[in-house]
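# Understanding the architecture of this molecule
Chain residues, written in single-letter form:
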Amino acid sequence: MSDRTRALPMLLRGAPWWLPAAVGAAAVVLGLFLLTRPLSALSTLAIYIGLSFIVSGIADLLSPGATTPAWIKPMLAGLWMAGGVAVLVAIGTAIDLLAPFVAISLIVSGVLRGFGAVRGGSVRATGDSRIATGIAAAADLLLGVVALSWPDVTLLLVAVLFGARTVFFGLASLWDAGVALRTGRRRDDAGTPAGRIQRFVRVSGAVVSLVLAVAAVGIGLKFSAGSPVLDAFYADSAPLPDQPGRLINAEPFSSGIPEGATAWRVLYSTRLNDGGMTLASGLVLVPTAPSSQPRPIIAWAHGTTGYGPNCAPSNLPDPFTAGAMPALGEVVANGWVTVAADYPGLGTAGDQPYLVGTGEGQAVLDSVRAAKELLDPTTPTGATTIWGHSQGGHAALWAGGLAAGYAPELDIAGVAAMAPASDPIGLVRNLPNVPGGSVFASYVASAYAGAYPDVKINNYVDPAARTVFREMSTRCLSEPGVLVSILAALSLDKDRSIFRTDPSTGALGARLEENTPTAAIAAPLLLAQGATDPLVTPSVQDGYVASRCAAGQAVDYRTYAGRDHMGLVTGDSPLLGELVDWTKDRFAGRSATPTCQGSQ
């Protein structure tokens, strides 16, 4: 701790024994509280630093300071006090700067320690002290690099260390108070020459620090190596056409493609929610078995894979598993074409329209247009049924509602939405109840801030959570580094919500409400829901279906006992066979039977 942040503890020196006792007891209680509450710890630390600067400035102003020119004292004191006020006023910025400050401090410390180890520091420096200093220098440098690479981890560690240090400070104050009560004197803080045990501890401590630093670097490298990296295919610089749904580029694709099918990775034009043209990517998969009839199309809208561009399913080793597509083998066996949109901002540049309905829905419809342009010269295609799960269920509902006006030339035979995020406000309200729900909250808030100028992240996200929040939104659900996000989310959620303001209110709340899919869907609609889904809860889904039925929308609503969010579309879920049979009926032109009630 720097001299400036020691200003508050220094005030206890010379105080009567009962004051450090009271402060010590309070510090122990506060430290134990902060150890398990990182957001509270970071906020408290920022307040502590700000107050320390102010108190330090006052102390400088009131001290004799014979060696300091009289005209400089008030200036320096004013700067320290102004800095303290700035920290307290802009507490979010102060916390954001804390991680890079720690990282740079460690690197600078490592350089200075290394220089001292080489030069010997002082004439009293022993061989073991120089070795310890050199080892500690290496540890500082490595930890500084890790701190720069993982700012959210750095902040969480700082929060824990601050809580621990608060406990130690409290215990030390209680010890001082006890000594003062028994002897009438305070503990002597003067240093003593280091004995053999102390020197051994110093070297051992440096070695342990280096081992931990090397381990941290190794873990960081492993996590970073597992992060998907975009290749040159997605960086197409050709001018965008004026029309959406035009094929820009295509290349053969084989990763994660089942036997009996061939696939292409495609780039195509589509529109964002504001009407602007953009580039999107996706996959087109065609069975290799010959067919004498036009092939029906399954337009697949995938579930959440992440928010960053590198999280595109077509950029992942197993794209259909990552997006949780059900019954892919049956789709191929039935001779159906699969068209899987990534959504804009996944693979391609820009903000992903995560739960932003028009951007998602238009991307799904335009992917079918582009696939037809790719295939129809040699492989005629027929009607389209839209499937979607989770985020993709939301996209499927929007695509179904937009189809008649946006892509009237497409023959939409049906829409199947599985555990869809049909009510964005209901979803966001439930996220605090979901382990790791803050990860999904970071995707939602980032997407809405990118799509709507009136949504400001800083108006909603807790200042102490902003760095962690930003880092969460950069990691894909399939990469090893997401473990950091999940652990961070779990630790934050034990403290308090990452939202300082209810996200269902204000500009964000209005935009979430705006993105509830309420447009009429002319095609038959199947909506499937797991009865034990903790993410998209049955009660929220029931409410959405009831509102759509009341508005005159025909819905075949099916619920499945014992099935959670992923269990609905994986394993031996009864939905899988029913979905394939339902889709066969749609392509055959058979009439659907709406229920508007959940059925087991």
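These numbers were taken from a predicted model, which means no experiment stands behind them.

Cut-off values and rules
- Residues numbered from 1 in each chain as written.
- Predicted model: local features only at pLDDT ≥ 70, side-chain atom pairs only at ≥ 80, totals over all residues.
- Heavy atoms only, no water.
- Helix = DSSP H or I, 4+ residues; strand = E, 2+ residues; numbered from the N terminus.
- Contact = heavy atoms within 4.5 Å.
- Expected span 1.5 Å × (residues − 1).
- Buried < 20%, exposed > 50% of the residue type's maximum accessible area, 1.4 Å probe, protein only.
- Arc of directions from axis to C-beta.
- Patch = residues over 30% accessible without salt bridge, like charges linked within 9 Å, V, L, I, M, F, W, Y side chains within 5 Å.
- Areas by Shrake-Rupley, 256 points an atom, 1.4 Å probe, with all protein chains shown as cover.
- Salt bridge = Lys/Arg side-chain N within 4 Å of Asp/Glu carboxyl O.
- Disulfide = S-S within 2.5 Å.
- Core = buried A, V, L, I, M, F, W, Y, C linked by side-chain atoms within 4.5 Å.
- 1 Å grid on protein atoms, 1.4 Å probe; cavity = no way out; pocket = protein on both sides within 12 Å on 5 of 7 lines; lining within 4 Å.
- Points joined across faces, edges and corners; volume = space filled by probe spheres on them.
- Nonpolar A, V, L, I, M, F, W, Y, C, P; charged D, E, K, R; others polar.
- Axes fitted to C-alpha atoms, helices over the stretch in contact; angles between N-to-C directions.
- Parallel < 35°, antiparallel > 145°, perpendicular 65-115°, else oblique.
- pLDDT = per-residue confidence, 0-100.
- Pairing = 2+ DSSP bridges.
- Phe/Tyr/Trp six-rings, centres within 6.5 Å; stacked < 30°, edge-to-face > 60°.
- Lys NZ or Arg CZ within 6 Å of the ring centre and 35° of its normal.

## Things to note about the environment of alanine 554
Mapped onto the elements of the fold, alanine 554 is located in the loop between helix H19 (538-550) and strand E9 (556-560). For the pair alanine 554 and threonine 595, spaced 41 residues apart in the sequence, the C-alpha separation amounts to 7.6 Å. Setting aside chain neighbours within four positions, we find alanine 554 in contact with Leu525 and Pro594.

## Digging into helix H17 (residues 482-495)
An α-helical turn contains 3.6 residues, so a residue and the one three or four places further along point in the same direction. An ideal rise of 1.5 Å per residue puts 20 Å on 14 residues; H17 measures up with 20 Å between its terminal C-alpha atoms. Along H17, the residues that are buried comprise Val482, Val484, Ser485, Ala488, Ala489, Leu492 and Asp495. Down the axis of H17, the buried side of the element spans an arc of 145 degrees, and every buried residue falls inside it. For H17, the exposed residues set more than 90 degrees away from the buried face come down to Leu487 and Lys494.

## Structural notes on a nonpolar patch on the surface
Together, Ile104, Val108, Leu112 and Leu148 make up an exposed nonpolar region whose accessible area comes to about 380 Å². Of the residues examined, leucine 112 reaches a relative accessible area of 59% and is grouped as exposed.

## Some remarks on the state of the cysteines
Evaluation of the coordinates by the stated rule reveals 1 disulfide. What pairs with cysteine 311 in a disulfide is cysteine 476, and their sulfur atoms sit 2.0 Å apart. Measuring handedness by torsion sign, the sulfur bridge of cysteine 311 and cysteine 476 sits at about -90 degrees and is left-handed. With cysteine 311 in the loop between strand E4 (295-301) and helix H9 (319-322) and cysteine 476 in the loop between helix H16 (466-472) and H17, the pair connects residues that are 165 residues apart, well separated along the chain.

## With respect to the nonpolar core
Within the largest apolar cluster, 53 residues are counted, with the highest numbers of intra-cluster contacts made by Leu42 and Tyr448. For this core, the elements supplying multiple residues, two or more each, are helix H3 (38-62), helix H5 (91-119), helix H7 (151-183), helix H13 (424-430), helix H14 (437-451), H16, H17 and helix H18 (506-514). For this core, the element with the most residues is H3, which contributes 8 residues. Formed by 45 residues, the second largest nonpolar core is a distinct cluster that contains Ala280, Ile386, Ala417 and Cys476.

## Examining empty space enclosed by the protein
A full pass over the atoms with the stated rule returns 4 cavities of 30 Å³ or more. As a volume, the largest cavity reaches approximately 50 Å³. For the lining of the largest cavity, the secondary structure elements donating two or more residues are H9 and strand E5 (337-341). Its residues placed into classes, the lining of the largest cavity shows 7 nonpolar, 1 polar and 1 charged.

## Side note on the side chain of lysine 372
Note that lysine 372 resides in helix H11 (residues 357-375). Taking relative accessible area as the criterion, lysine 372 reaches 18% and is therefore assigned buried. Beyond its immediate sequence surroundings of up to four residues, lysine 372 is in contact with Ile297, Pro377, Thr381, Gly382 and Leu410.

## Examining the environment of tryptophan 150
In this fold, tryptophan 150 is placed in the loop between helix H6 (127-149) and H7. Its relative accessible area of 10% is what places tryptophan 150 among the buried residues. Here the alpha-carbon distance between tryptophan 150 and proline 100, two residues 50 residues apart in the chain, equals 9.8 Å.

## Thoughts on the packing of H11 against helix H12 (residues 391-406)
At a minimum axis distance of 7 Å, the contact between H11 and H12 shows a crossing angle of 70 degrees. Viewed along their axes, H11 and H12 adopt a mutual orientation that is roughly perpendicular. The residues of H12 that touch H11, namely those facing Gly357, Thr358, Glu360, Gly361, Gln362, Val364, Leu365, Asp366 and Arg369, are Gln391, His394, Ala395, Trp398, Ala399, Leu402, Ala403 and Tyr406. Partitioning the contact of H11 with H12 into residue classes produces 8 nonpolar, 6 polar and 3 charged.

## Digging into the confidence of the model for the protein chain
Confidence in the prediction of the protein chain, expressed as mean pLDDT, is 84, and 87% of residues score 70 or more. Looking at the elements of the protein chain, mean pLDDT is at its lowest for helix H1 (residues 7-10), recorded as 50, and at its highest for strand E7 (residues 412-418), recorded as 98. Confidence drops under a pLDDT of 50 for residues 1-8, and excluding neighbours within four residues, the segment shows 21 contacts in the predicted structure. In the predicted structure, residues 121-125 sits below a pLDDT of 50 and forms 3 contacts with residues beyond four places in sequence or in another chain.

## A short note on the sheet that holds E7
If you walk across this open sheet you meet the 9 strands as E1-E2-E3-E5-E4-E6-E7-E8-E9, and the pairing is mixed. Of all strands in the sheet, those with a lone pairing partner are strand E1 (247-253) and E9, marking the two edges. When the angles between neighbouring strand axes are averaged without regard to direction, this sheet yields 20 degrees. Pairing of strand E6 (residues 381-389) with E7, which is carried by 6 bridges, proceeds in the parallel orientation. Across the sheet, residue tryptophan 387 finds its bridge partner in E7, namely alanine 416. Contacts from H11 reach E1, strand E2 (261-271), strand E3 (277-287), E4, E5, E6 and E7, with the element oriented near 125 degrees to E2. The strands touched by H12 are E2, E4, E6, E7 and strand E8 (525-530); relative to E6, the strand with the most contacts, the crossing angle is about 140 degrees.

## Re the packing of aromatic side chains
In total, this model carries 5 aromatic pairs according to the counting rule given. Here the aromatic rings of tyrosine 448 and tyrosine 452 are separated by 5.6 Å at their centres, their planes lie at 45 degrees, and the arrangement is tilted. Comparing tyrosine 448 with tyrosine 452, the two get one shared label, buried. Each residue in the set Tyr354, Phe440 and Tyr443 is aromatic and connected to the rest through ring pairs, giving one cluster. The ring of tyrosine 406 has arginine 369 sitting right over it, with the charged end atom 5.0 Å from the ring centre.

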